[in-house]
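What the coordinates show
Here's the letter readout for the chains.
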Amino acid sequence: MDTDHSLMTVPTNLRIGIILGSTRPGRRGDQIAAWVLDTAQHHGGATYELIDLAEYNLGNLDEPNNPNFQQYQHMHTQKWSKLIASFDGYVFITPEYNHSIPGALKNALDYVYKEWNDKAAGIVCYGGWVSGSRAAETLRVILPELQIASVRAQVSISTHATFGTGIFVAGEPLRASVDLMLTQLLAWAKGLRSVREAKASLIS
């Protein structure tokens, strides 16, 4: 059954960052990320921004202080902190490397802490025989430590089925799975924004 997104009560000022976790030359993730962004923009309900880790040059974690204190010494961390803090939720796009996520994605997650807290996330995973599902499982273990709540709906993409000609081709079932994931994500992002606002009011 088609979802009538016009009936959604999610405010349009929600911001969702779509984070591409692969930085490898020749990666397939850039095609998938472009498709996810386009699908999300058609879904609506928020402002979506693509964050390509390959463009941020974070390098290996080089901050001397615990990120919980937000005492960042380097400009690249300060920029990353400001960017991540600006979103209400995230879509993580990850390939599967050796039953896990790319090191670049884990590194980017570790750079900051409070900026991730009380946010929602959806997962798009991709890979060969198991469609990246083990990377998604790993990510679901990591995210709660950052106080990120991941929604149940997940998009799992078989590169064998979608890159037959070398160009990413997604069928309607994949598009529907993105829509379902986003519907859950936006609802949770709205709810968790209220949590952040309540916490902030207690501090003030």
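Here goes a summary of the coordinates provided. All values derive from a computational prediction rather than experimental measurement. (Residues numbered from 1 in each chain as written. Predicted model: local features only at pLDDT ≥ 70, side-chain atom pairs only at ≥ 80, totals over all residues. Heavy atoms only, no water.)

1. Concerning the overall build of the protein
- For the protein, the helix and strand inventory stands at 6 helices and 5 strands.
- In the protein, the succession of helices and strands from N to C terminus is β-α-β-α-β-α-β-α-β-α-α.
- The C-alpha atoms of the protein give a radius of gyration of 17 Å, which matches the 17 Å a tight globule of 204 residues would have.
- Principal axes of the C-alpha set define a box for the protein whose edges measure 50 × 40 × 25 Å.
- Considering the protein as a whole, with its 204 residues, one finds that 46% of them fall into the buried category.
- A sequence separation of at least 24 residues applies to 82% of the contacts in the protein between residues at least 6 apart.
- Put simply, the protein has 17 plus and 19 minus side-chain charges, and the middle of one group is 3 Å from the middle of the other. (Helix = DSSP H or I, 4+ residues; strand = E, 2+ residues; numbered from the N terminus. Rg over C-alpha atoms; globule rule 2.2 N^0.38 Å. Buried < 20%, exposed > 50% of the residue type's maximum accessible area, 1.4 Å probe, protein only. Contact = heavy atoms within 4.5 Å. Lys, Arg positive; Asp, Glu negative; His and termini not counted. Charge placed at Lys NZ, Arg CZ, Asp CG, Glu CD.)

2. Examining the packing of helix α1 (residues 29-43) against helix α6 (residues 172-203)
- The interhelical angle for the contact between α1 and α6, taken along N-to-C directions, is 60 degrees, at an axis separation of 10 Å. When the axis of α1 is compared with that of α6, the two are oblique. For the crossing formed where α1 meets α6, the hand is right-handed. The residues of α6 that touch α1, namely those facing Trp35, Asp38, Thr39, Ala40 and His43, are Leu174, Arg175, Val178, Asp179, Leu182, Thr183 and Leu186.
- Residues belonging to the contact of α1 with α6 are distributed by class as follows: 6 nonpolar, 3 polar and 3 charged. (Axes fitted to C-alpha atoms, helices over the stretch in contact; angles between N-to-C directions. Parallel < 35°, antiparallel > 145°, perpendicular 65-115°, else oblique. Left-handed = near helix turned anticlockwise from the far one by under 90°. Nonpolar A, V, L, I, M, F, W, Y, C, P; charged D, E, K, R; others polar.)

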